[in-house]
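Here's the letter readout for the chains.
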Amino acid sequence: MKKWILSAVLLVMAHAAVFANNAVAAQIKKNAPQKVTCQFVQEKFLKGMTKPVQSEGTLYYQNDCMSMWYTQPAGDFLVINPNEFVMQSKGKQRKHNIKAGSPMLTLKNTLVMCMQGNIEGVATENDASLSYSNNGGHTFTLSKELKKGERGYAKIVLVYDAKSNVLTSMTLTEANGNYTVYTLQNADTQKAIDATVFKVAK
């Protein structure tokens, strides 16, 4: 009888935790800003390296568009709009395949939904489980056990400001343990954004 009661209590607690997760996630999705201009710092932690590879620049987001224009290294960029996903690194530009089912479409959708505050959408897109904690900000951890050779992220950690619902940190961890941390700072949710930042010059 005691074991049955304990199991029932644990089940109720688990359902309560899921309900709380969903409630906070829904709140963030509802109240997340429609546009953001902010500074970002990108840190790549790679196996075998004692220090992360650091980059920085300005991030723009509006509706279903997002771009990252790097000042360090200067000239690098990432541009996402409904029709394309383009990246430039070290002077080499690459237009990614975003056809249905492609890994880069998953990444494109993931990045935009993170900015939109669509946490459950990110979980669905990546077929990941979702957990929540409040450590001075709303922190969501999305986890997936990747099969051998499967592309994608084993873990995604998203932190949103408790007052503004703006994304402040995003950590993407690969299956091999390498991970990248994006820290977003000085967010402006009112500033008008020039649409050209979401386009790649022909």
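In the block above lies the structure referred to throughout.
Report on the accompanying structure.

What counts, and at which threshold
All residue numbers here refer to positions counted from 1 along the written sequence of the relevant chain. Local features in this predicted model are restricted to residues of pLDDT 70 or higher, and side-chain atom pairs are both shown and tallied only at a pLDDT of 80 or more, whereas totals for entire chains, interfaces and linings draw on every residue. Excluded from the side-chain calculations are hydrogens and water; all other atoms, namely the structure's heavy atoms, are used. Secondary structure counts use DSSP, requiring at least four H or I residues in a row for a helix and at least two E residues in a row for a strand, with both numbered from the N terminus. Note on contacts: a residue pair qualifies if any of its non-hydrogen atoms lie within 4.5 Å across the two residues. Cavity and pocket criteria rest on a 1 Å grid covering protein atoms alone: a 1.4 Å probe that fits but cannot get out defines a cavity, protein on both sides within 12 Å along at least 5 of 7 lines defines an open pocket, and an atom within 4 Å of a point defines a lining residue. Grid points are joined across faces, edges and corners, and a volume is the space filled by probe spheres set on the points. Gly is placed with the polar residues, together with every amino acid not listed as nonpolar (Ala, Val, Leu, Ile, Met, Phe, Trp, Tyr, Cys and Pro) or charged (Asp, Glu, Lys and Arg). A pairing counts as a salt bridge when a side-chain nitrogen of Lys or Arg comes within 4 Å of a carboxyl oxygen of Asp or Glu. Burial classes: relative accessible area under 20% of the type maximum marks a residue as buried, over 50% as exposed, and values in between as partly exposed (1.4 Å probe, protein chains only).

Regarding the side chain of Thr180
- Relative to the helices and strands, Thr180 is located in strand S11 (residues 179–188).
- Those residues in contact with Thr180, other than ones at most four positions away along the chain, are Gln42, Glu43, Lys44, Met170, Thr171 and Leu172.

Digging into the layout of surface pockets
- Approximately 1200 Å³ is the volume found for the largest pocket.
- Along the wall of the largest pocket there are 42 residues; nearest its centre are Lys44, Met87, Leu107, Tyr153 and Glu174.
- Top element by residues in the lining of the largest pocket is helix H2 (residues 103–116). It accounts for six residues.
- Partitioned by chemical class, the residues of the lining of the largest pocket number 18 nonpolar, 15 polar and nine charged.

Considering the pattern of salt bridges
- Tallied over the full model, the rule gives two salt bridges.
- The shortest N-O distance in the salt bridge between Glu84 and Lys95 comes to 3.6 Å. One end of the pair, Glu84, is in strand S5 (residues 84–89); the other, Lys95, is in strand S6 (residues 92–95), with eleven residues separating them in the sequence.
- Among the residues examined, Lys95 registers a relative accessible area of 57% and is labelled exposed.
- Between Glu150 and Lys144 there is a salt bridge; the shortest N-O distance is 2.7 Å.

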